[in-house]
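Topology and contacts: notes
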Amino acid sequence: MISKIKSFLFENQTLKQTIAKNTFWLFFGQIFGRLLRAGLIIYAARVLGPSSWGAFSYVMTLVAFMTILSDMRMGAIVTPESAKNPEFSKKYFSTVFCIKLVLLTVGMLLLIFGAPYLTNIPEAQTLLPLAALILFFDGLRNFGFVISRAKEKMQLEALNEITTNFLITVLGLLFLYLIPTSQSLAIAYINGVAIGFLAVLLALKEHFYSSLANFDKTLIKPIINASLPFALASFLGAIMINTDLIMIGWMRSADEVGFYSAAQKPVQIFYTIASLFAVSIFPALTKTLKDGLGGGKRILEKAVSMSLLAAIPLSLGGIILGDQIINLVFGSQYSAATASFQILMITILIIFPSVIVSNSILAHEKQKSFIAFSMIGAIGNIIFNFLLIPAFGIAGASASTVITQILANYFIWKKMQSVNPFSVLPNIKKMIFAGIIMAIFTLILKFIGTPLLINIFVSAGIYFLLLKFQKEKLFLSLRGL
């Protein structure tokens, strides 16, 4: 039995087994890695306080932004291209590696010399040179994942993600215990990603060593041209996701950056759950489209309805219990984050079904549409932030996110309807009814002083019991599964 499990998890045997193995490792690495990092985030936010945590969050947002700029989604291009032309695979990887080094260098220079002009937070400015090192080592580590994915060895990526996040968490807890400053936390991140890069380098050393030797300047233009649509969409998406914290850091105080980051983190974990669900149904959706639009329509309708089955109680419960959730996770010093958290929980109702619809557009090979949708979201978010943050602070930033997500995802849904018309409302009427009744009970339980965790479990039980009594088909099918 042990040998069979080992063979399944670490060897590529058949096509189906390889797909199943890679899916398992990607899910396991992402979920476990993020859970480890979540523990550190909660501890760090409590120890550092809103101001220092805000400075660190602001800088890490800039790192995330620069990571996307230095990546350009070239991995999505080089893998299939090298598969088509195996004899040129080393040249592809080598050329991408050199482009990556140039982009990382530019990103580091922008962080060190350009980013200080984007914030008036002194503590954030002192962290920027450390942030440049985080960008460099993490960027090289992620390049290793391009190689492991091309070789269909996702276990290397998953194990590295877990190891790196484990190191960051352990070192972060230790350094913060010894010296509770944002600089200590940044140094823990540098050490964690640097060791993670070294681990990738050792595992794939023959590919890294040959990276510079096989550089082909004639491939630079084709690689950049092929990756530009993906890069532009990713860039605009990064603006939409990261603009809030950057603009708050520019226009408001470090404390408010810390409060907004605390409001964002739990919501982003829910986003990850939605994305993983979308990824899991993508192969089935793509396969059914080969047999005609009808099969794709049925899977799309069921998947969107299933996502809303989870989104409705999460969103309503989060809005009602927002103050208690923030207090439990981050402490009373972050109570000012409550309103932003409650507003952002509205986006769960938007994001959960929309990631399914977005993947459906990809399955229909209409990905160029995302450039326009991403541009609407990015520009809209900047405009609404300029209008709302000065007057309403971080609550205005949250409202801006909701508005722009509604606008961008309206066009995504409209595009999908033009490609393959589908209907969701008839499938979710019972869910909406159950959600409203659950929300009433949640409010009553909160009013009479029921402890938060008990309220959550009781409210969830009421929601699912109502679905059962209404004989909701999707719930019953999930229950059977």
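The model shown is predicted, which means the values in this text are computed figures rather than measured ones.

1. A word on empty space enclosed by the protein
Evaluated as defined, the whole model comprises 2 cavities of 30 Å³ or more. Each pocket or cavity is described by its volume, and for the second largest cavity that value is around 30 Å³. The wall of the second largest cavity is formed by Phe 56, Val 59, Met 60, Leu 127, Leu 130, Ala 131, Ile 134 and Ala 186. Breaking the lining of the second largest cavity down by element, the ones donating at least two residues are α2 (15–71) and α5 (122–150).

2. Concerning the pattern of salt bridges
In total, this model carries 4 salt bridges according to the counting rule given. The residue Glu 161 makes a salt bridge to Arg 141 at a minimum N-O spacing of 3.5 Å. A residue pair is termed long-range when its members are at least 10 positions apart, and Glu 161 in helix α6 (residues 154–178) and Arg 141 in helix α5 qualify at 20 residues. Accessibility classification places Glu 161 together with Arg 141 in one group, the buried group. Bridged by salt links that share partners, the residues Asp 138, Arg 141 and Glu 161 form one connected network.

3. So, the side chain of Thr 95
Mapped onto the elements, Thr 95 comes out in helix α4 (residues 89–114). Here Thr 95 is in contact with Phe 215, Asp 216, Leu 219, Ile 220 and Ile 223, once residues within four sequence places are set aside.

What counts, and where the lines are drawn
- Residues numbered from 1 in each chain as written.
- Predicted model: local features only at pLDDT ≥ 70, side-chain atom pairs only at ≥ 80, totals over all residues.
- Heavy atoms only, no water.
- 1 Å grid on protein atoms, 1.4 Å probe; cavity = no way out; pocket = protein on both sides within 12 Å on 5 of 7 lines; lining within 4 Å.
- Points joined across faces, edges and corners; volume = space filled by probe spheres on them.
- Helix = DSSP H or I, 4+ residues; strand = E, 2+ residues; numbered from the N terminus.
- Salt bridge = Lys/Arg side-chain N within 4 Å of Asp/Glu carboxyl O.
- Buried < 20%, exposed > 50% of the residue type's maximum accessible area, 1.4 Å probe, protein only.
- Contact = heavy atoms within 4.5 Å.

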